[in-house]
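A structural walkthrough
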Amino acid sequence: MKNFKISFFVILLCAFLAGCAALKGSKSTDNSALTGGIDHAGYPNAYLERIAGESIADLLSKRIVGKKGGRFSVVGIEPLDGTNAHGVDAEFLSKKIRISLLHSGKAVVTDAPSKDELVFSNDGVSHGYHAVESGSIYAPDYILVGKILPQSPAVANDGKTGSKKSKSLNSAAKNSTAQASESLLLELSMIDTRNNKSVWKYKKALQKQI
């Protein structure tokens, strides 16, 4: 009888532990979905991560940010404007751009301050210039802004409409226009907060991965 009670207790304990493991796995799946861990059709996360790395590599090659005057440049990053993202996970891409710059070790990365936020610098206390929620208290030297927008192609027309060659060219142009209308463009810009002028611009076509 004693052995039976022990066996019964062990079975109940195993069932309880199995239930806890299943619940934890379910919560983990839900959390990954909420944090943008799921690939978007046509623009998988691995592709967006590569795009982020390439953009920051281009920025670093211009030697705009780095250690100057005994300290690293402070870069405030605004989330990408993904109003016209059309399937691109703008939040994930923004996060990877931020991480790429952070891992470069060339700059201090923070959020861009909001318009009403007081920030502190060597020049004293001032208000931020960019309307983004932030907990930052240090004035950035640069603000990195960006957006995703449809790519508008310029289709040339040679004016010849009667020949077979012209019809073939027109057909090819239409196909090119249709493909380009589905493509998107990533635009990034680095703004110097001292004069509010752009010191770096970057454009990259985002192609659907089939």
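Structure's up top.
Right, let's walk through the structure included here. Bear in mind that the values here come from a model prediction, so they are computed numbers and not experimental data. (Residues numbered from 1 in each chain as written. Predicted model: local features only at pLDDT ≥ 70, side-chain atom pairs only at ≥ 80, totals over all residues. Heavy atoms only, no water.)

Membership of the largest hydrophobic core comes to 31 residues, with the highest contact counts inside it found for Val75, Leu93, Ile148 and Leu206. Where this core is concerned, the elements lending two or more residues are helix H2 (45-61), strand S2 (71-77), helix H3 (90-104), strand S3 (107-111), strand S6 (142-150), strand S7 (184-192) and strand S8 (197-206). With 6 residues, H2 is the single largest residue contributor to this core. Not counting residues within four places of it along the chain, the set of residues in contact with Val75 comprises Val65, Leu101, Ala107, Val108, Val109, Thr110, Pro140, Tyr142, Leu144 and Met190. (Core = buried A, V, L, I, M, F, W, Y, C linked by side-chain atoms within 4.5 Å. Buried < 20%, exposed > 50% of the residue type's maximum accessible area, 1.4 Å probe, protein only. Helix = DSSP H or I, 4+ residues; strand = E, 2+ residues; numbered from the N terminus. Contact = heavy atoms within 4.5 Å.)

With that out of the way, let us pick up the pattern of salt bridges. This model, assessed by the stated rule, comprises 8 salt bridges. Residue Arg71 pairs with Asp141 through a salt bridge whose shortest N-O separation is 2.8 Å. Separated by 70 residues along the polypeptide, Arg71 in strand S2 and Asp141 in the loop between strand S5 (124-127) and S6 bring together distant segments of the chain. Exposure remark for Arg71: the relative accessible area of 37% places this residue in the partly exposed category. Between Asp192 and Arg194 there is a salt bridge, and its shortest N-O distance comes to 2.8 Å. Residue Arg194 is classed as exposed on the basis of its relative accessible area of 70%. A network of salt bridges, in which partner residues are shared, links Arg50, Glu54 and Lys204. (Salt bridge = Lys/Arg side-chain N within 4 Å of Asp/Glu carboxyl O.)

Trans peptide bonds make up the majority, and among non-glycine residues the majority have a negative phi. At His86, a position not held by glycine, the phi torsion is positive, near 50 degrees. Structurally, His86 is set in the loop between S2 and H3. Relative accessible area serves as the criterion here: at 55%, His86 is assigned to the exposed category. The phi dihedral of Asn196 is positive, around 60 degrees, even though this residue is not glycine. Here Asn196 is to be found in the loop between S7 and S8.

Inspection of the sheet shows S2 paired to S6 by 3 bridges, in the parallel sense. Within the sheet, the bridge partner assigned to Ile77 lies in S6 and is Leu144. Judged from the 9 bridges that link them, S6 and S7 form a sheet pairing that is antiparallel. Along S7, the bridge assignment pairs Tyr142 with Asp192. (Pairing = 2+ DSSP bridges.)

Tracing the chain through its elements places Ser183 in the loop between helix H4 (164-182) and S7. On the accessibility criterion, Ser183 (4% relative accessible area) is buried. When near neighbours in sequence (up to four residues on either side) are disregarded, Ser183 contacts Pro150, Gln151, Leu206 and Gln207.

When S7 meets S8, the two strands line up antiparallel, connected through 9 bridges. Bridge pairing in S8 links Leu184 to Leu206. In sequence, S7 turns back onto S8 through a hairpin of 4 residues, with Asn196 there showing a positive phi of about 60 degrees.

Here the focus is the packing of H2 against H3. Two elements in contact, H2 and H3, have axes whose closest approach is 8 Å; the angle formed by their N-to-C orientations is 45 degrees. It follows from the interaxial angle that H2 and H3 lie oblique. As H2 runs across H3, the sense of the crossing is right-handed. Here H2 contributes Asn45, Leu48, Glu49, Ile51, Ala52, Gly53, Ser55, Ile56, Leu59 and Leu60 to the contact with H3, which in turn contributes Phe92, Leu93, Lys96, Ile97, Ser100, Leu101 and Ser104. Each residue belonging to the contact of H2 with H3 can be placed in one class, and the counts come to 10 nonpolar, 5 polar and 2 charged. (Axes fitted to C-alpha atoms, helices over the stretch in contact; angles between N-to-C directions. Parallel < 35°, antiparallel > 145°, perpendicular 65-115°, else oblique. Left-handed = near helix turned anticlockwise from the far one by under 90°. Nonpolar A, V, L, I, M, F, W, Y, C, P; charged D, E, K, R; others polar.)

If you trace the backbone, Leu144 turns up in strand S6. Leu144 gets classed as buried once you look at its relative accessible area, which sits at 2%. Put simply, Leu144 and Ala112 are 32 residues apart on the chain and 8.1 Å apart in space, counted from C-alpha to C-alpha. If we skip the residues at most four places from it in the chain, Leu144 touches Val75, Gly76, Ile77, Glu78, Ile97, Ser189, Met190 and Trp200.

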